[in-house]
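Now for the letters of each chain:
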Amino acid sequence: GATDSTNEDKTKGFNMVRRVEAEAQSPHAHTRVRPSSITELAEASAGCDVVLIGEVHDDAEAHRLEFELLKQIHELHGEKRQIILSLEMFETDVQVVLDEYMQDLIREADFVSDARAWMNYADYRGMVEYAKSAGLPVIAANAPRRYVGLVGKRGSEALEQLPSASHSYLPPIPIAPPSEAYRDKFNHMMRMLNEPSSADSSAPSAGGTSSAPAAECPYIGFSASKTRFMLEAQTLWDASMAHSISRVTSATSAGAAKKPLVVHVCGKFHCENDLGIPEHLARYSPGLKVLVAVCAGEGELSLMHEAQVSTMANFVAISKPAPPSFKVTHPV
């Protein structure tokens, strides 16, 4: 039919591999990944509670994949599951604005302004509009940037000084510290980003932006060279998104006719290697079944062995070189 043809055209060009789980490998096999497809990924989500999609924020190919995956998951599982779109790109304190727009009560211009949409909101607009037309909830999952800036300047302990009303926008305080594996990965990334040649590197960044020349974040006013709390700020992002996902799965599950299936979009550093968001989700909602998919560039993946690629995620989409969807210095 016409729909099938459209889906085929939209998915054409997505190059994807899937991790071969240890129990499925023969004792003498060396293959750790195998060819896959976006359709297989959508089908695999049936056995999960949460699908984490990790992107590089300026990767147009990743944005195209995310939209198509949301659509396929909804078409495949929407009758039996409550599909929920969760986004790093909106912060918890603007959930009411997002809800007003999803109910078609306010203008899109007011929504974009009052919800503090990212400057590249055009890259995510398709998913939001699809969710709106399909009646899917959309969750503003990230920590408000003012609190991330506070942590970046003064550390996580400063959150305890906030008024009690502010804590409704945050995960439980104190936030669990990052794991040793996450800390090592973060420190390695910061060293790479601060090297003089990093501006031309294809290496991934902490937040998922490919073209940043230094480890700085102008939006929240700190950089790796000026603060020792950058890792704590990164951890606040991870914990906030995990808590938002945990909260919506718990609330929707209570007495709901359909079991929730959350599709969460974030920078890939927040979820790849089963670090970051997956670690915090395991604390907030033990037992949740989480599937991780990331979209990574050919340049980054070409530097890896197959075993390294297999540890990135359950599914890895390979993005071909292309002009960035927007230009900004924003590595985390």
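This report concerns the structure included in the present document. (Residues numbered from 1 in each chain as written. Predicted model: local features only at pLDDT ≥ 70, side-chain atom pairs only at ≥ 80, totals over all residues. Heavy atoms only, no water.)

### Focus: the overall build of the protein chain
Spelled out, the test is: A run of H or I in DSSP counts as a helix once it spans at least four residues, and a run of E counts as a strand once it spans at least two, with each numbered from the N terminus. Exposure is judged per residue with a 1.4 Å probe applied to protein chains only, and the accessible area is read against the type maximum: over 50% gives exposed, under 20% gives buried, and values in between give partly exposed. When checking whether two residues touch, look at their non-hydrogen atoms; a contact exists if any pair is within 4.5 Å. Throughout, the Shrake-Rupley method with a 1.4 Å probe supplies accessible areas, and for residues the shown protein chains are the sole cover considered.
Regarding its fold elements, the protein chain presents 12 helices and 10 strands. Looking at the protein chain as a whole, 54% of its 332 residues are labelled buried. Within the protein chain, counting contacts between residues at least 6 apart in sequence, those at least 24 apart form 74% of the total. Of the accessible surface of the protein chain, which amounts to about 14,900 Å², a share of 52% is contributed by carbon and sulfur atoms.

### A few points about unusual backbone geometry
Generally, phi is negative for residues other than glycine and the peptide bonds are trans, each holding for most cases. Of the consecutive residues Ile-173 and Pro-174, the connecting peptide bond is found in the cis state with omega at 0°. As for its placement among the helices and strands, Pro-174 is situated in the loop between helix 7 (145–154) and helix 8 (180–193). Residues other than glycine seldom take positive phi values, yet Arg-116 does so here, at roughly 50°. Of note, Arg-116 is situated in the loop between helix 5 (108–114) and helix 6 (122–134). One non-glycine residue, Asp-274, lies in the positive phi region at around 60°. Within the secondary structure, Asp-274 is located in the loop between strand 8 (259–267) and helix 10 (277–284). Note on Asp-274: relative accessible area 37%, which makes it partly exposed.

### Some thoughts on the pairing of strand 9 (residues 290–297)
Note the following rule: Two strands form a pair only when DSSP identifies at least two bridges running between them.
Counting buried residues in strand 9 gives 6 out of 8 residues, a clear majority hidden from the surface. Two elements, strand 3 (residues 50–55) and strand 9, share 5 bridges in a ladder whose sense is parallel. Following the sheet pairing, Ile-53 is matched in strand 9 by Ala-293.

### A few points about the pairing of strand 10 (residues 315–319)
Across the 5 residues of strand 10, 5 count as buried, placing the element largely inside the fold. Burial along strand 10 is two-sided: Phe-315, Ala-317 and Ser-319 and Val-316 and Ile-318, pointing in opposite directions, are all buried. Where strand 9 meets strand 10, 5 bridges bridge the pair, whose relative direction is parallel. Across the sheet, the residue bridging to Ala-296 is Ile-318, located in strand 10.

### Some details on the environment of Leu-288
Mapping Leu-288 onto the fold places it in the loop between helix 10 and strand 9. Overall, Leu-288 belongs to the partly exposed group, its relative accessible area being 22%. Between the alpha carbons of Leu-288 and Asp-49 there is a distance of 6.0 Å; along the sequence they are 239 residues apart. Residues contacting Leu-288, with those up to four places away along its chain left out, are Asp-49, Val-50, Thr-249 and Leu-281.

### A few points about the sheet that holds strand 4 (residues 81–91)
The condition that has to hold: Only the contacting stretch of a helix is used when fitting its axis, a line to C-alpha atoms as for every element, and angles between N-to-C directions run 0 to 180 degrees.
Across the sheet, 8 strands lie side by side as 2-1-10-9-3-8-4-5; this open sheet has mixed pairing. Strands with a single pairing partner mark the edges of an open sheet, and in this sheet they are strand 2 (33–36) and strand 5 (138–142). Strand-to-strand, the axes of this sheet are offset by a mean angle of 25°, without reference to chain direction. Across 6 bridges, the pairing between strand 3 and strand 8 is parallel. Paired with Glu-55 across the two strands is Gly-267, which belongs to strand 8. With respect to the sheet, helix 10 is in contact with strand 3, strand 8 and strand 9, its orientation differing from that of strand 3 by roughly 155°.

### Remarks on the nonpolar core
Applied cut-off: The set of buried Ala, Val, Leu, Ile, Met, Phe, Trp, Tyr and Cys residues whose side-chain atoms join them within 4.5 Å is what this entry labels a nonpolar core.
Counting residues in each nonpolar core, the largest one holds 45 residues, and the members touching the most others are Leu-70, Ile-73, Leu-85, Leu-87, Phe-90 and Phe-111. Once residues lying within four places of it in the same chain are set aside, the contact partners of Leu-85 are Leu-70, Met-127, Val-128, Ala-131, Pro-137, Val-138, Ile-139, Val-263 and Val-265. Counting residues in hydrophobic clusters, the runner-up holds 39 residues, among them Val-50, Ala-158, Trp-237 and Val-248.

### Section: the packing of helix 3 (residues 60–77) against helix 6
What counts here: In this scheme, roughly parallel covers angles under 35 degrees and roughly antiparallel covers those over 145, while 65 to 115 is roughly perpendicular and the rest are oblique. In this scheme the handedness of a crossing depends on how the near helix is turned from the far one: anticlockwise by less than a right angle means left-handed, clockwise means right-handed. Three residue categories are used. Nonpolar comprises Ala, Val, Leu, Ile, Met, Phe, Trp, Tyr, Cys and Pro, charged comprises Asp, Glu, Lys and Arg, and polar comprises the others, including Gly.
Across the interface, helix 3 lies against helix 6 with an axial gap of 8 Å and an inter-helix angle of 15°. Here helix 6 runs roughly parallel to helix 3, going by the angle between their axes. The interaxial crossing formed by helix 3 with helix 6 has right-handed handedness. Across the interface between the two elements, His-63, Glu-66, Phe-67, Leu-70, Lys-71, His-74 and Glu-75 from helix 3 touch Asp-123, Tyr-124, Gly-126, Met-127, Tyr-130 and Ala-134 from helix 6. Taken together, the residues that form the contact of helix 3 with helix 6 break down as 6 nonpolar, 3 polar and 4 charged.

### Quick word on the packing of aromatic side chains
Rules: A pair of Phe, Tyr and Trp rings is counted when the ring centres sit within 6.5 Å of each other, with Trp represented by its six-membered ring. The angle between the planes then sorts it: under 30 degrees is stacked, over 60 is edge-to-face, the rest tilted. A ring is considered to have a charge above it if a Lys NZ or an Arg CZ atom is located within 6 Å of its centre and within 35 degrees of its normal.
Counted according to the given criterion, the structure contains 8 aromatic pairs. Note on Phe-67 and Tyr-130: the rings are 6.0 Å apart at their centroids and 80° apart in plane angle, and the pair reads as edge-to-face. Of this pair, Phe-67 sits in helix 3 while Tyr-130 sits in helix 6, and the two are 63 residues apart along the sequence. Taking the relative accessible area as the measure of exposure, Phe-67 reaches 24% and is therefore partly exposed. These aromatic residues form a ring-pair network of at least three members: Phe-90, Tyr-101, Phe-111 and Tyr-121. Residue placement shows Arg-64 over the ring face of Phe-14; its charged tip is 4.3 Å from the ring centre.

Keep in mind that these numbers describe shape and distance, not what the molecule does.
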